[in-house]
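# Chains, contacts and geometry: an overview
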Amino acid sequence: MQPINYFTLRNFIRKSVYISVIVCLSFAIVSCEKDFTDIGSDVISNIKFNTSVDSVYVTAENSPLLRIQSDNISRQLGQYLLGVYNNSDYEKLEASIVSQVAISSGLKVIDDINVYGADTTVVTKIDAVYLKLPYQVSLKTGNFNFDIDSVIGDITKPFNLNIYRNNTFINGLDPVNPTKINRFFSDDVFEKTGDNLNEQVNFPFLPSKNDTMLVIERKLFDETIYKNDTIKYFGSVTTEIPFPFARIPLNKATFKTLFLDKYEDAEFSSQAAFNDYFRGVILEASGNEGSLISFNYNNATASLNPSIEIYYTNTVLKSGAIILDTISKNNSFPLTGFRVNTFKMDNRVYPENNSIKIQGTAGSEGNITLFD
């Protein structure tokens, strides 16, 4: 009996394994190839398709859209409609905006005046308070002039705009179930408090591309004009053309009481405290004519976002009469945070005349029925 050569045995086993694997793979490939061929031939040969239906009836009708979700709490809404659109073919639309207002930290009407001495006083005069609404514009080809974008309707006729203090707390969480995100709809009603914030009731809002600057008279303690400030807003540091913007004058005395007199109080100690104290503004559009404008609240350039602007001048007096210094200031309050677009629309029954009216916002949609 010859001794076992382990190297020869190992080579024999290895060859046997290789042969077995090759044989198995060959059977698998042949089997798969046969399956593919059979399935393919069945599909190709099955070219007949029969149906008992050769036509269907389709009906379409107008369907009222009563409301839509119109907040930016659970969605990324940057565009909001403001104004009136009245077209005889559609429902009249009055679009309003409800928005929270942001504050800056450390607001002070009067800075440290100890450097002037103990016998000094400061008299504050509010020069201007206005709501700023920059338009969306496009540059005309071949010149340095803008056209206002996102406006429909009759821009030659104004609509009425009134601004109110909102008394409805806009909560980001559902008060009934705080584990869920809150939602607001276009037909929600927000409570107003106090009188109009705008200086002129029923302010006639008329969009104009020529409103590119505002001159503010800075006044001393005795109403003497100290200087004039020209206010312009640009798209960037390289833009030479000022952007057009709407400005709605607000009541100076009201904002002195609601804002300036509260700067160093608890109401302005944090954004949360301020949101509870001043729950936002309601921009309410009304009327039977005018235009509908879309405003962008998410501009990369902060100065082109809607805001409340307050300009005031501090006159530092010695012994009540001698002017030691004059300090001009401006505080800006962006309309940011939670926002809701509300729509007031006329009920309209569209005639059955084979015409389907599709109207955006909470207007009318087409209802299509297939197969009856």
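Small disclaimer: the values here were computed from a predicted structure and weren't measured. (Residues numbered from 1 in each chain as written. Predicted model: local features only at pLDDT ≥ 70, side-chain atom pairs only at ≥ 80, totals over all residues. Heavy atoms only, no water.)

## Some points on the overall build of the chain
Looking only at helices and strands, one finds three helices and 19 strands in the chain. Scored against the burial criterion, the 372 residues of the chain give a buried share of 37%. Put simply, 77% of the contacts in the chain that link residues at least 6 apart link residues at least 24 apart. (Helix = DSSP H or I, 4+ residues; strand = E, 2+ residues; numbered from the N terminus. Buried < 20%, exposed > 50% of the residue type's maximum accessible area, 1.4 Å probe, protein only. Contact = heavy atoms within 4.5 Å.)

## Re a nonpolar patch on the surface
A cluster of nonpolar side chains, namely Val56, Val58, Ile368, Leu370 and Phe371, defines an oily patch on the protein surface of about 530 Å² accessible area. Structurally, leucine 370 is set in strand E19 (residues 364–370). (Patch = residues over 30% accessible without salt bridge, like charges linked within 9 Å, V, L, I, M, F, W, Y side chains within 5 Å. Areas by Shrake-Rupley, 256 points an atom, 1.4 Å probe, with all protein chains shown as cover. Salt bridge = Lys/Arg side-chain N within 4 Å of Asp/Glu carboxyl O.)

## Some thoughts on the nonpolar core
Counting residues in hydrophobic clusters, the biggest one holds 55 residues, and the most contacted among them are Phe205, Phe259, Tyr263, Leu283, Ile308, Ile310 and Phe333. Tallying contributions element by element places strand E4 (residues 120–134) first for this core, with six residues. What phenylalanine 259 contacts, discounting residues up to four positions off in sequence, is Phe268, Phe274, Phe278, Ile310 and Phe333. With eight residues, the next largest nonpolar core counts Tyr164, Ile170, Phe190 and Ile282 among its residues. (Core = buried A, V, L, I, M, F, W, Y, C linked by side-chain atoms within 4.5 Å.)

## Notes on the sheet that holds strand E13 (residues 245–249)
If you walk across this open sheet you meet the four strands as E13-E4-E16-E17, and the pairing is antiparallel. Looking at the sheet topology across the chains shown, the edges are occupied by E13 and strand E17 (322–334). With strand direction ignored, the average angle separating the axes of adjacent strands in the sheet is 25°. Here 12 bridges tie strand E16 (residues 307–318) to E17, and the two strands are oriented antiparallel to one another. Bridge pairing in E17 links leucine 317 to isoleucine 323. (Pairing = 2+ DSSP bridges. Axes fitted to C-alpha atoms, helices over the stretch in contact; angles between N-to-C directions.)

## Observations regarding the packing of aromatic side chains
Counted according to the given criterion, the structure contains 17 aromatic pairs. On the numbers, 6.4 Å between centres and 45° between planes, the contact of tyrosine 263 with phenylalanine 333 is tilted. Of this pair, tyrosine 263 sits in the loop between helix H2 (252–258) and helix H3 (271–277) while phenylalanine 333 sits in strand E17; the two residues are 70 residues apart in sequence, bridging distant segments of the chain. Given the relative accessible area of 4%, tyrosine 263 is considered buried. Ring pairing ties together the aromatic residues Phe255, Phe259, Tyr263, Phe268, Phe274, Tyr277, Phe278 and Phe333, which thus form one cluster. (Phe/Tyr/Trp six-rings, centres within 6.5 Å; stacked < 30°, edge-to-face > 60°.)

## Remarks on the pattern of salt bridges
Overall, the coordinates contain 17 salt bridges when judged by the stated rule. Here aspartate 229 and lysine 227 are joined by a salt bridge, their closest N and O atoms 3.9 Å apart. Judged by its relative accessible area of 18%, aspartate 229 falls in the buried class. Among the residues examined, lysine 227 registers a relative accessible area of 34% and is labelled partly exposed. Among the ionic pairs, arginine 279 bridges to aspartate 276, the shortest N-O distance being 3.0 Å.

## Considerations on the side chain of serine 291
Position of serine 291 relative to the elements: it lies in strand E15 (residues 291–296). In this structure serine 291 comes out as buried when scored by relative accessible area, which is 0%. Beyond its immediate stretch of four places on either side in the chain, serine 291 contacts Leu82, Gly83, Val84, Val151, Ile152, Gly153, Asp154, Ile155, Lys157, Phe159 and Pro207.

## What about the environment of leucine 220?
By the secondary structure assignment, leucine 220 is in the loop between strand E11 (214–219) and strand E12 (225–231). On the basis of relative accessibility, which here comes to 11%, the residue leucine 220 falls in the buried class. With 108 residues separating them in the primary sequence, leucine 220 and serine 328 have C-alpha atoms 9.8 Å apart. Once you skip the residues sitting within four places of it in the chain, leucine 220 turns out to touch Lys125, Tyr226, Thr315, Ile323 and Thr326.

## Overview of the environment of asparagine 202
Tracing the sequence through the fold places asparagine 202 in the loop between strand E9 (192–193) and strand E10 (203–205). Classification of asparagine 202 as partly exposed rests on a relative accessible area of 38%. Through-space distance from the C-alpha of asparagine 202 to that of asparagine 162 is 5.5 Å; in sequence the pair is 40 residues apart. Among residues more than four places away in sequence, those in contact with asparagine 202 are Asn160, Leu161 and Asn162.

## Points about the side chain of serine 294
Looking at the secondary structure, you find serine 294 in strand E15. You can call serine 294 buried: its relative accessible area is 11%. Those residues in contact with serine 294, other than ones at most four positions away along the chain, are Gln79, Tyr80, Leu81, Gln136 and Ser150.

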